[in-house]
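If you want the building blocks of each chain, they are given just below.
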Amino acid sequence: IMTTSVLYPVSNSYRDNKSLNGLWQFKFDPQKVGPAEHWERGLTDTISMPVPGSFADLFTDRESRDYTGDFWYQTDFYVPRDWDEQTLLVRFGSLTHRAVIYCNGVEITTHEGGFLPVVADITAAVNAVTVNHLVIKLNNELSEATLPVGTTKTLPTGRLVAQPYFDFFNYAGIQRNVWLMTLPKQAITDFDTVTTLQATTATLQYHVQSATGTITAQLCDADGQVVAENTGVAGKLVVSNPHLWQVRHAYLYTLKLQLQVAGQLVDAYQTSIGLRTVAVHGEQILINDEPVYLKGYAKHEDFDVLGKAFNWSIVKRDFECMKWTNANCFRTSHYPYAEEWYQMADAEGFLVIDEVPAVGMMQSTQNFADAGKGKFTHFFETPTVPTLKHNHITQVNEMIQRDKNHPCVFAWSLFNEPETTSTEAATYFKDIFKAARAADVQQRPCTGAFEKNSQPDTCQVYPLCDFICLNRYYGWYINSGESFDEATVAFKAELDQWQAKHLHKPFVFSEFGTDNLVTEHKLPSVMWSQEYQNEFLQLYFDIFDEYSFIQGELIWNFADFQTNQGVLRVNGNRKGIFTRERQPKDAAFLVKKRWE
Ligand code: GCB
């Protein structure tokens, strides 16, 4: 149990952490000779590499930027003198996309999936007084058996290149924070919380996993006053006249857990907790029993030079920009983000649709355009599907385990734009939804983002969703330019069909938008101009207002971002409301006004 604890590092009298971020050693392994040559014992002929970092955009040559295959990292560390007698963990926010971790030449653990934490228990492998070598073998190849989905091509020169079935650059590396951390030998390893509301009280039901002992739980208000207390591994903390966690008006309590063994305090864990409920009722999404209309963005972890490297300043700036446009929500398209994003969302009162990296489940390297047009491509009939499904379910479980106690997370998105019209797809997703529902004690709504091919009369997966998320590009990938008048007609025809089904479920637009360049202005508008983006958005806004079941609008995308190269991409995807530098395009002012 100990090694699987993914609780975010905290420090207190029983726990300590030391950041291992910094400049590590790095080496590509195109011939995959590392294991045979025992690179795990220590790398030679290395270059330096920042951690956290995405390696791609730090290089000036194409081969390195586009490198696909195995690559290795190493750092050396000492264990602080007073850290003996404790469990020692190395915790990575993520390792993209898969990794083997070695300490002093000994294999500690492996992990598949590039967007969730990896925890390695190195207690038995460390030297207490001499230097320790931490070596990681990573791999960033894409296939149809792992998430996110794509393929890997061998060029005539023998080089491998990634061919994503998705529309963002395949950044890889040690992209998030790395900690060396201690846990007491007898520790708290996990906990769940569920809030319910009564007339004048709120009840936080908790359940703790730990070594055998006595658990005490305290809830403290923002002034540090204890407002509720209980003893037992599970129990209720009842708060009278509670400050609820409200959308864009967050209030955070601190939950303090303590473990006693044989009358001795041995461990403690503390975390922010928001008291709030989530429900879907008829056509409405309810937070604390009040309907909420989602206003905001689908995002990416993406920035110039940094790629997908975690950086607090980007997080801060993005929240400031989102707040400036009066947004209240974002979707973590198309993978779970670094945990620090959710910490800030908790504090700022943002709602988050948390998405697993199930993107590209449609055989196409121009997936974005094909999806926008509604092209059918087979997917769930291939022999790799059982392995893919296993990985998908594992990552749903890991995401829910990591994020379940964040008040900001109000829904799980279990996919983006898969093929959904075959019976194979229906069977596949039934099991994915089952796994998610079984994993979440809060029973948050489950959804997924549907592309154009998933229509009211063809889609076999939408009935699994508690609310339905649509990605639509009428007026961009289809009915665009001089045919723009068709967009209204086609879009409304589809919405009328959904309406005629009387589903009594909320619909959220999880994507809509147009590419444009900040340099391009044109009257009358043309595609790629800022005026065209505004006209497109206004058309969508007007249509949304006509249908009562539409309960949210998340624009594609918050900011411009890097993608693979292609004739439809101008140094990346340009559908941002903000530029990649996080400055407003014209549309930002339109959106800000609408969401006021
Ligand atoms: C989509 C995808 C998203 C793309 C977007 C686009 O449907 O979900 O990943 O980036 O369209 O801009 O084409």
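Rules used throughout
Residues numbered from 1 in each chain as written. Predicted model: local features only at pLDDT ≥ 70, side-chain atom pairs only at ≥ 80, totals over all residues. Heavy atoms only, no water. Axes fitted to C-alpha atoms, helices over the stretch in contact; angles between N-to-C directions. Helix = DSSP H or I, 4+ residues; strand = E, 2+ residues; numbered from the N terminus. Parallel < 35°, antiparallel > 145°, perpendicular 65-115°, else oblique. Left-handed = near helix turned anticlockwise from the far one by under 90°. Contact = heavy atoms within 4.5 Å. Nonpolar A, V, L, I, M, F, W, Y, C, P; charged D, E, K, R; others polar. Near = heavy atom within 4 Å. Polar contact = N/O pair within 3.5 Å; in protein donor to acceptor, adjacent residues only side chain to side chain. Areas by Shrake-Rupley, 256 points an atom, 1.4 Å probe, with all protein chains shown as cover. 1 Å grid on protein atoms, 1.4 Å probe; cavity = no way out; pocket = protein on both sides within 12 Å on 5 of 7 lines; lining within 4 Å. Sits in = over half its atoms within 2 Å of the grid points. Buried < 20%, exposed > 50% of the residue type's maximum accessible area, 1.4 Å probe, protein only. Patch = residues over 30% accessible without salt bridge, like charges linked within 9 Å, V, L, I, M, F, W, Y side chains within 5 Å. Salt bridge = Lys/Arg side-chain N within 4 Å of Asp/Glu carboxyl O. Lys, Arg positive; Asp, Glu negative; His and termini not counted. Charge placed at Lys NZ, Arg CZ, Asp CG, Glu CD. pLDDT = per-residue confidence, 0-100. Pairing = 2+ DSSP bridges. Expected span 1.5 Å × (residues − 1).

Things to note about the packing of helix 5 (residues 385-403) against helix 6 (residues 423-439)
At a closest axis distance of 9 Å, the pairing of helix 5 and helix 6 adopts a crossing angle of 25 degrees. Relative to helix 6, the element helix 5 is oriented roughly parallel. Both helix 5 and helix 6 take part in a crossing whose hand is right-handed. Contact with helix 5, carried on its side by V385, L388, K389, H392, I393, V396, N397 and I400, involves T427, Y428, F429, D431, I432, A435, A436 and A439 of helix 6 and no other residues of that element. Taken together, the residues that form the contact of helix 5 with helix 6 break down as 11 nonpolar, three polar and two charged.

Focus on the site of the ligand
Close to the ligand lie 14 residues; D167, E417, Y477, E511 and K575 are nearest. Residue Y473 places a side-chain N or O atom 3.3 Å away from an oxygen atom belonging to the ligand. The separation between an oxygen atom of the ligand and a polar side-chain atom of Y477 is 2.3 Å. Taking 320 Å² as the accessible area of the ligand by itself, protein coverage stands at 98%. Structurally, the ligand is housed in the largest cavity. When the residues that make up the shell around the ligand are grouped by side-chain class, the tally is five nonpolar, four polar and five charged.

What to know about the environment of R444
Here R444 shows up in the loop between helix 6 and strand 27 (446-450). We classify R444 as buried; its relative accessible area is 3%. In the structure, R444 is positioned 127 residues away from R317 in sequence and 29 Å away in space, judged by C-alpha atoms.

Thoughts on the environment of S510
In this fold, S510 is placed in strand 29 (residues 507-511). In this structure, the C-alpha to C-alpha distance between S510 and I353, residues 157 residues apart in sequence, is 9.6 Å. Of note is the side chain of S510, whose polar atom sits 2.6 Å from the side chain of N471.

Let's talk about a negative patch on the surface
Residues D16, D82, D84 and E85 make up a contiguous surface patch of negative charge. Here E85 lies in the loop between strand 4 (70-77) and strand 5 (87-92). Judged by its relative accessible area of 67%, E85 falls in the exposed class.

Overview of the confidence of the model for the protein
Across the protein, pLDDT averages 96, with 99% of residues at or above 70. Per the prediction output, this complex has pTM 0.98; the corresponding ipTM is 0.99.

Observations regarding the sheet that holds strand 19 (residues 264-273)
Taken in spatial order, the four strands make up an open sheet running 16-15-18-19, and their pairing is antiparallel. Edge positions in the open sheet fall to strand 16 (226-231) and strand 19, since each of these has one partner strand only. Recorded for the sheet is a direction-independent mean angle of 15 degrees between the axes of neighbouring strands. Sheet topology note: the strand 15 (residues 214-220)/strand 18 (residues 253-261) ladder contains seven bridges and is antiparallel. Directly across from L219, in strand 18, lies its bridge partner L255.

Here's the deal with the pairing of strand 4
Most of strand 4 sits out of view: seven of its eight residues are buried. Bridge count between strand 2 (residues 22-29) and strand 4: five bridges; the pairing is antiparallel. Along strand 4, the bridge assignment pairs K27 with W72. For strand 4 and strand 9 (residues 132-139), the ladder comprises eight bridges, and the chain directions are antiparallel. Bridging across to strand 9, W72 finds its partner in K137.

Observations regarding helix 8 (residues 530-544)
Between its first and last C-alpha, helix 8 extends 21 Å over 15 residues, near the 21 Å set by a 1.5 Å rise per residue. Counting buried positions along helix 8 gives 11 out of 15 residues, so the element sits mostly inside the fold. Listed in full, the buried residues belonging to helix 8 are Q530, E531, Y532, Q533, F536, L537, L539, Y540, F541, I543 and F544. The inward-facing, buried residues of helix 8 abut helix 7 (484-500), strand 29, strand 30 (550-556) and helix 9 (586-594).

Quick look at the sheet that holds strand 28 (residues 468-471)
Spatially, eight strands are ordered 23-24-25-26-27-28-29-30 in a closed barrel, and the strand pairing comes out parallel. On average, adjacent strands in this sheet sit at an angle of 25 degrees to one another, irrespective of strand direction. Here strand 23 (residues 294-298) runs beside strand 24 (residues 329-331); their pairing, made up of three bridges, is parallel. Residue pairing across strands places Y297 opposite F330, the latter belonging to strand 24. The strands touched by helix 8 are strand 29 and strand 30; relative to strand 30, the strand with the most contacts, the crossing angle is about 170 degrees.

Brief notes about helix 6
Taking 1.5 Å as the rise per residue, helix 6 with 17 residues should run 24 Å; its terminal C-alpha atoms sit 25 Å apart, in good agreement. Taken residue by residue, helix 6 has A425, A426, Y428, F429, I432, F433, A435 and A436 as its buried positions. Of the surrounding secondary structure, the elements contacted by the buried residues of helix 6 are helix 5, strand 26 (409-416) and strand 27.

A closer look at the side chain of Q551
Assignment of secondary structure puts Q551 in strand 30. From its side chain, Q551 meets the backbone oxygen of E283 in a polar contact 3.4 Å long. Here the side chain of Q551 touches S548 through a polar contact of 2.9 Å, landing on its backbone oxygen. Excluding residues that lie within four positions of it along the chain, Q551 makes contacts with E283, Q284, I285, V292, Y293, L294, P506, F507 and V508.

Thoughts on unusual backbone geometry
A cis geometry characterises the amide bond from L147 onward to P148, with omega recorded as -10 degrees. Relative to the elements of secondary structure, P148 occurs in the loop between strand 9 and strand 10 (150-154). The step from W556 to N557 runs through a cis peptide bond, and the omega angle for that step is 0 degrees. Here N557 lies in the loop between strand 30 and helix 9. Even without a glycine there, the phi angle at D289 is positive, about 65 degrees. Relative to the elements of secondary structure, D289 occurs in the loop between strand 21 (284-287) and strand 22 (290-291).

Some points on the packing of helix 7 against helix 8
For the pair helix 7 and helix 8, the least separation of the axes is 11 Å and the interaxial angle reads 30 degrees. Of the possible angle classes, the one that applies to helix 7 and helix 8 is roughly parallel. Pair helix 7 / helix 8 crosses with right-handed handedness. Along the contact surface, helix 7 presents F484, A487, T488, F491, K492 and L495, while helix 8 presents Y532, E535, F536, L539, Y540, I543 and F544. Residue classes in the contact of helix 7 with helix 8 are distributed as 10 nonpolar, one polar and two charged.

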